[in-house]
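Breakdown of the fold
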Amino acid sequence: MTNPVISATGLWTPPHSISNAELVASYNAWADIWNRENEAEIKSGLMDPKTHSSVEFIEKASGIKSRFVIDKAGVIDPDIMAPRIPERPNEQISVLAEMAVLAARDAMQAAGRKPEEIGAVICAASNMQRAYPAMAIEVQQALGIEGFAFDMNVACSSATFGIQTAADFVRAGHAKSVLMVNPEICSGHLNFTDRDSHFIFGDVATAVLIENEAMAPAAHWKILGTKLKTQFSNNIRNNFGFLNRAAPDGVGAPDKLFLQEGRKVFREVVPMVAEMIGEHMGELGLTPEGLRRMWLHQANANMNRLISAKVLGREATEDDSPTVLDTYANTSSAGSIIAFHKHSGDFKPGERGLICSFGAGYSAGTVFVERTG
């Protein structure tokens, strides 16, 4: 048996950012067009008019102020209201793999790791751009890594599930170094004409190197313990898939994009995650007082505030539970990794923290770490 550690993380951020004001302007323009086109039905009572969104509504509901996206022009065009990302020829690297490679190179450089030293690649994300070949194998090929690679999807919890999976490979001796990547083009499955959710997601890619402690750089993160949990729920769902062609009446329906019952998710996920964190801390002999920081899934500022308070027994500060949600929005599997990547550099050896993700499934994962070196 060998000890798996986190050697480094990587981040790639798209060049385009959309502010809440820009997003609201495009949505409201679209709503006005829709209301004019359906004026007769609205007057007869057959349809309800679309109401305007607002910057104040978005920030109060979510804490989000802006988001990065692969394509901005299509999203803020009232006549399109979706990203426009051209298909690439099969001979060219796919856009999702390209994002993952950029984040991976950032992590590999930070760890001083060469491709030939890595034995496996896991692509853990919410939405793969195709069924096969696996995105992970394409990333493996692009980076010149030997060994094996595969995709996995546990929605917003994919990264923590990926870390545990990679750690298990290291413990079992199947690979000394595992690259786990999280490319997310969440704008591709977001319904920008849904007032209740048009502001939620952003695009990004993150990477984590999980390795045998013997080969890790002096400054790394011990993995003190990991824990995973799933509990079936329909409250976050996306019904897009290959069987849609077998039921053509449903093609293009709202349920082929992201859908959620936000209030139900809030009520059910907050206590589930807080209880899970508490249980895992107890199993590891940890206390809230010994926890330097929590890097939580970046979906909703209000959810994180409540979860942090339940775990710590007090209101959390920005230092206790840092936020990247305001500028990145919800980036699904990548959110907690962005927070960890950007807000872990001030840790001293011996200080401990928690990477935690939660989302559709329901699914949740906790990874307790300790700084060394």
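Provided above is the structure to which this section pertains.
All of the points below concern the structure found in this document. Please read all numbers here as calculations on a predicted model, not as lab measurements. Once a new chain begins, its residue numbering starts again from 1 and follows that chain's sequence as written. Local features in this predicted model are restricted to residues whose pLDDT is 70 or higher, and side-chain atom pairs enter the listing and the counts only when it is 80 or higher, whereas totals over whole chains, interfaces and linings include all residues. Note that water and hydrogens are dropped before the side-chain values are worked out from all heavy atoms of the structure.

**Considering the overall build of the protein**
Runs of H or I in DSSP of at least four residues are treated as helices and runs of E of at least two as strands, each being numbered from the N terminus. Summing up its helical and strand segments, the protein has 10 helices and 13 strands in all. Relative to the compact-globule value of 21 Å for 373 residues, the protein shows a C-alpha radius of gyration of 21 Å, a close match. Burial classes: relative accessible area under 20% of the type maximum marks a residue as buried, over 50% as exposed, and values in between as partly exposed (1.4 Å probe, protein chains only). In the protein, buried positions account for 52% of the 373 residues. Residues are treated as being in contact if the distance between any of their heavy atoms lies within 4.5 Å. Taking contacts inside the protein between residues at least 6 apart in sequence as the whole, the part at least 24 apart equals 78%. In this charge count, Lys and Arg are treated as positive and Asp and Glu as negative; neither His nor the chain ends contribute. Every charge is mapped to an atom, namely NZ of Lys, CZ of Arg, CG of Asp or CD of Glu. If the 34 positive side-chain charges of the protein are averaged to one point and the 43 negative ones to another, these points end up 4 Å apart. Our radius of gyration is a C-alpha quantity, and the globule rule it is checked against amounts to 2.2 Å times the number of residues to the power 0.38.

**A look at the state of the cysteines**
What counts as a disulfide here is a pair of cysteine sulfur atoms lying within 2.5 Å. Overall, the coordinates contain 0 disulfides when judged by the stated rule. No disulfide involves Cys123; its sulfur sits 12 Å from the nearest other cysteine sulfur, which is in Cys186. Residue classification places Cys123 among the buried positions, given a relative accessible area of 1%. Of all cysteine sulfurs, the one in Cys156 lies closest to Cys186, which takes part in no disulfide; the gap is 7.2 Å. A relative accessible area of 0% means that Cys186 is categorised as buried.

**Looking at unusual backbone geometry**
Here the bond from Tyr132 into Pro133 is cis, since omega is -5°, no more than 30 degrees from zero. Take Pro133: it is sitting in the loop between strand 4 (120-124) and helix 5 (135-143). In this chain, Gly361 is followed by Tyr362 through a cis amide linkage whose omega measures -5°. Inspection of the secondary structure puts Tyr362 in the loop between strand 12 (352-359) and strand 13 (363-371). Here the phi dihedral of Ala155 falls at roughly 50°; this positive angle occurs in a residue that is not glycine. Following the sequence through the fold, Ala155 ends up in the loop between strand 5 (148-152) and helix 6 (158-172).

**So, helix 10 (residues 335-342)**
Of all 8 residues in helix 10, 6 are buried; the element is thus mostly enclosed. When we look at burial in helix 10, the residues that qualify are Gly335, Ser336, Ile337, Ile338, Ala339 and Phe340.

**Re the environment of Gly173**
By the element assignment, Gly173 lies in the loop between helix 6 and strand 6 (177-185). When the C-alpha positions of Gly173 and Gly285 are compared, they lie 27 Å apart, and in sequence the two are 112 residues distant.

**Focus: the pattern of salt bridges**
Whenever Lys or Arg places a side-chain nitrogen within 4 Å of a carboxyl oxygen from Asp or Glu, that contact is recorded as a salt bridge. This model, assessed by the stated rule, comprises 18 salt bridges. The salt bridge partner of Asp319 is Arg292, with a shortest N-O separation of 2.7 Å. With Asp319 in the loop between helix 8 (301-312) and helix 9 (325-328) and Arg292 in the loop between helix 7 (262-284) and strand 11 (293-296), the pair connects residues that are 27 residues apart, well separated along the chain. Under the relative-accessibility criterion, Asp319 is labelled partly exposed at 38%. For Glu370, the salt bridge goes to Arg352, with nearest N and O atoms at 2.8 Å. Here Glu370, found in strand 13, pairs with Arg352, found in strand 12; they are 18 residues apart in sequence, far enough to count as distant. A cluster of three or more residues bridged by salt bridges with shared partners is formed by Arg292, Arg293, Asp319, Asp346 and Glu351.

**Things to note about the sheet that holds strand 5**
One requirement defines pairing of two strands: DSSP has to find at least two bridges between them. Pairing within the open sheet is mixed, and its 9 strands lie in the order 5-4-6-7-1-8-13-12-11. Bordering the open sheet on either side are strand 5 and strand 11, each of which pairs with just one other strand. Here the strands of the sheet are splayed against their neighbours by 25° on average, with no regard to which way each runs. Taken together, the 4 bridges between strand 4 and strand 6 define a ladder with parallel strand orientation. Its bridge partner lying in strand 6, Ile122 is registered against Met180. Orientation is described by axes fitted as lines to C-alpha atoms, over the contacting stretch for helices, and by angles from 0 to 180 degrees between their N-to-C directions.

**Comments concerning the pairing of strand 8 (residues 221-230)**
For a regular strand, the rule is simple: side chains alternate between the two faces of the sheet. Of the pairings in the sheet, the one linking strand 1 (residues 4-12) to strand 8 comprises 2 bridges and is antiparallel in character. Across the sheet, the residue bridging to Ile6 is Trp221, located in strand 8.

**Looking at the packing of helix 4 (residues 95-111) against helix 5**
A pair of packed helices can be characterised by two numbers: the angle between their axes and the separation between those axes. One way to put it is that helix 4 packs onto helix 5 with a least axis distance of 9 Å and a crossing angle of 55°. Regarding the angle of helix 4 to helix 5, the classification is oblique. As for how helix 4 packs across helix 5, the hand of that crossing is right-handed. Residue-level contacts link Leu96, Ala97, Ala100, Val101, Ala104, Arg105 and Met108 of helix 4 to Met135, Glu138, Val139, Ala142 and Leu143 of helix 5. Partitioned by chemical class, the residues of the contact of helix 4 with helix 5 number 10 nonpolar, no polar and 2 charged. An angle counts as roughly parallel when it lies under 35 degrees, as roughly antiparallel when it exceeds 145, as roughly perpendicular when it falls between 65 and 115, and as oblique in every other case. Two helices cross in a left-handed way if the nearer one is turned anticlockwise from the farther one by less than a right angle. They cross in a right-handed way if the turn is clockwise. For this scheme, ten residues count as nonpolar: Ala, Val, Leu, Ile, Met, Phe, Trp, Tyr, Cys and Pro. Four count as charged, namely Asp, Glu, Lys and Arg, and the remainder, Gly too, count as polar.

**Overview of the side chain of Thr366**
Residue position: Thr366 is located in strand 13. Residues adjacent in sequence count toward polar contacts only when both atoms are side-chain atoms; beyond that, a polar contact is any pair of N or O atoms within 3.5 Å, and within protein one must be able to donate a hydrogen and the other to accept it. A polar atom in the side chain of Thr366 sits 2.7 Å from the side chain of His280. In this structure Thr366 touches Gly225, Thr226, Lys227, Met276, Ile277, His280, Leu354, Ile355 and Cys356, once residues within four positions along its chain are discounted.

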